[in-house]
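Close look at the chain arrangement
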Amino acid sequence: MGIPFGINLSFCVKRWVTPALWAPLVAEDLGLDLVQLSFDLVDPAWPDGLLDRLAGDIRRETARAGVTVHSAFIGLAHYTFNQMLHPDPEVRDVAEAWLKRAYRVAAAAGITRVGGPLGAVASRRDGREAESLDPADYADLIARMHRLAEAARAEGLTELYVEPTPMRREWPWTVAQALRMAEDTAGAAVPWKFCVDWGHGTFEPLYGRYRAGMAEWYRALGARIGAIHIQQTDFQLDRHWDFTEPGAVDPAAAAALQRANGLDDVPVFLEVFYPFERDDASILDAVRRSAAILKPAFA
Ligand code: FE
Ligand code: MN
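Residues numbered from 1 in each chain as written. Chains lettered and ligands numbered in written order. Predicted model: local features only at pLDDT ≥ 70, side-chain atom pairs only at ≥ 80, totals over all residues. Heavy atoms only, no water.

1. Overview of the side chain of threonine 185
Our working definition: Strands are runs of DSSP state E lasting at least two residues, helices are runs of H or I lasting at least four, and both sets are numbered from the N terminus onward. A contact between two residues is defined here by any heavy atoms of the two lying within 4.5 Å.
Following the sequence through the fold, threonine 185 ends up in the loop between α6 (175-184) and β6 (192-197). The contacts of threonine 185, once residues within four sequence positions are left out, are Ile142, Met145, His146 and Trp192.

Quick look at the structure:
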């Protein structure tokens, strides 16, 4: 049995923005049948009537192209606002409400899983980053996660994901923090699992130079991992390069590591971002070549 392999629609942002554009592209140009939607393509803050129509478009075009949407992820636009760890509690409330709308959009589009990073605390004036989250902020975040799981269940969703990011101001950024969060969200109305990312768990400036990053996340989180983001990177920044670029991630070794940890059934999504000014044709070519490299590695 192969490891399910698909692509996050991050590469489509501002380019192939409708399912009539991206669904056939994924199926025919990339030869893939599995995607992860990005809310950079459909903003849950848009009016209800519009969102219902767009959700219908996703259902229709993916069925026509033979593409399954495994899950929907927050994307970069909403991620930039500090979300549920913003210093102002009213902004946190807006972020929580935004996620509840995101669950509704996902459900309307036939997507049963939603995930992404949860939030970022503000930087200090002196630039020093605290090692730990304020206990009150953490408790507030966990309470929101429980409320969100209730909302997700009411919409018929089956799973929610936290994507750990390699930053002290976001949460969780270590394996131990992730395990604690898993304990504190146990018994939520739908399971909170993790989406781990090859550019996050391997980030040497934060975690050190031992190059065992993903192995530790896989081993420690195990069945709590619901999805994996793969990208080419150099472990020095969260690059989100495609696999036409040289880097430290070996697709065959990545697949082997997953199998060695019993994660054969956890889907892997290529997640790549491009400068807005880069031309469409070269992106299409690079993503196509990357899919051709990765697909056999996970088959
Ligand atoms: Fe990611
Ligand atoms: Mn990333």
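Let us keep going from here.
2. Let's talk about the coordination of the iron ion (ligand 1)
Octahedral six-donor coordination of a metal ideally yields angles of 90 or 180 degrees, compared with 109.5 degrees for tetrahedral four-donor coordination. Stated precisely, the cut-off is as follows: Metal donors: N, O and S atoms at distances within 2.8 Å, or within 3.2 Å for Na, K and Ca, with water omitted from the atom set so that some sites may seem incomplete. For the exposure calls, accessible area comes from a 1.4 Å probe over protein chains only, and a residue counts as buried if that area is under 20% of its type's maximum, exposed if over 50%, partly exposed in between.
The protein atoms that coordinate the iron ion (ligand 1) are Glu163 (OE), Asp197 (OD), His229 (ND1) and Glu271 (OE), at distances of 2.0 to 2.2 Å. Between the donor residues of the iron ion (ligand 1), the gaps in sequence give the motif E-x33-D-x31-H-x41-E. Separating the iron ion (ligand 1) from the manganese ion (ligand 2) is a gap of 3.9 Å. One end of the pair, glutamate 163, is in the loop between β5 (159-162) and α6; the other, glutamate 271, is in the loop between β8 (268-270) and α10 (280-298), and 108 residues separate them in sequence. Given the relative accessible area of 5%, glutamate 163 is considered buried.

3. Quick word on the pattern of salt bridges
Pairing between side chains becomes possible if they bear opposite charge and their charged atoms approach one another. Selection rule: The salt bridge criterion pairs a side-chain nitrogen of Lys or Arg with a carboxyl oxygen of Asp or Glu, the two atoms within 4 Å.
Throughout the structure, instances matching the rule amount to 27 salt bridges. Residue aspartate 57 is joined to arginine 60 by a salt bridge in which the shortest nitrogen-to-oxygen separation is 3.1 Å. With aspartate 57 and arginine 60 both in helix α2 (residues 48-65) and 3 residues apart, this pair spans about one turn of that helix. For arginine 60, a relative accessible area of 41% gives the class partly exposed. The partner of glutamate 96 in a salt bridge is arginine 144, with the nearest N and O atoms 2.7 Å apart.

4. Some details on the sheet that holds strand β2 (residues 34-38)
Hydrogen bonds between backbone groups are what pair the strands of a sheet, and the pairing can be parallel or antiparallel. Rules: At least two bridges found by DSSP between two strands is the condition for calling them paired. Working convention: axes come from line fits to C-alpha atoms, limited for helices to the stretch in contact. Angles between N-to-C directions cover 0 to 180 degrees.
Within the closed barrel, the 8 strands sit side by side as β1-β2-β3-β4-β5-β6-β7-β8. Their pairing is parallel. Each strand axis lies, on average, 30 degrees off the axis of its neighbour in the sheet, ignoring direction. Sheet topology note: the strand β7 (residues 225-230)/β8 ladder contains 3 bridges and is parallel. Of the residues in β8, the one forming a bridge with histidine 229 is phenylalanine 269.

5. Focus: the pairing of strand β4 (residues 113-116)
Inclusion rule: Looking down the strands as they point away from the viewer, one classifies a crossover as right-handed if the path from the first strand across the helix to the second runs clockwise.
Sheet analysis places strand β3 (residues 68-73) next to β4, joined by 2 bridges and oriented parallel. Bridging across to β4, alanine 72 finds its partner in valine 114. Judged from the 4 bridges that link them, β4 and β5 form a sheet pairing that is parallel. From the neighbouring strand, arginine 113 faces β5, where its bridge partner is glutamate 159. Taken together, β4, helix α5 (residues 135-154) and β5 form a β-α-β motif whose crossover is right-handed.

6. Regarding the pairing of β5
Burial of the side chains of β5 extends over both faces: Glu159 and Tyr161 are buried on one face and Leu160 and Val162 on the other. Note: β5 against β6, 3 bridges, orientation parallel. If you follow tyrosine 161 over to β6, its bridge partner there is lysine 193. Crossover handedness for the path β5 to α6 to β6: right-handed.

7. Quick notes on the coordination of the manganese ion (ligand 2)
With distances of 2.1 to 2.2 Å, the protein atoms coordinating the manganese ion (ligand 2) are His200 (NE2), Asp238 (OD) and His240 (NE2). Of note, the manganese ion (ligand 2) draws all its donor residues from one chain, in the sequence arrangement H-x37-D-x1-H. The exposure class assigned to aspartate 238 is partly exposed, which follows from its relative accessible area of 30%.

8. Focus: the packing of aromatic side chains
We apply this condition: Classification of ring pairs uses Phe, Tyr and Trp, with its six-membered ring standing for Trp, and accepts pairs whose centres are within 6.5 Å; under 30 degrees between planes counts as stacked, over 60 as edge-to-face, and the remaining range as tilted. Remark: a charge is flagged as sitting over a ring if the NZ atom of Lys or the CZ atom of Arg is within 6 Å of the ring centre and within 35 degrees of the ring normal.
Across all of its chains, the model carries 5 aromatic pairs by this definition. Each ring, one from phenylalanine 39 and one from tryptophan 98, has its centre 5.8 Å from the other, and the planes form 80 degrees; the classification is edge-to-face. Of this pair, phenylalanine 39 sits in the loop between β2 and α2 while tryptophan 98 sits in helix α4 (residues 89-108), placing them 59 residues apart in sequence. Judged by centre distance (6.4 Å) and plane angle (90 degrees), the rings of tryptophan 198 and tyrosine 218 are edge-to-face. Here the residue tryptophan 198 occupies a position in the loop between β6 and α7 (204-207), and tyrosine 218 occupies one in helix α8 (residues 213-221), the gap between them amounting to 20 residues. Each member of the pair, tryptophan 198 as well as tyrosine 218, carries the same accessibility label: buried. In this structure, lysine 14 packs its charged tip against the face of phenylalanine 276, placed 4.8 Å from the ring centre. A cation over an aromatic ring shows up here: arginine 168 above the ring of tryptophan 173, its NZ or CZ 5.6 Å from the ring centre.

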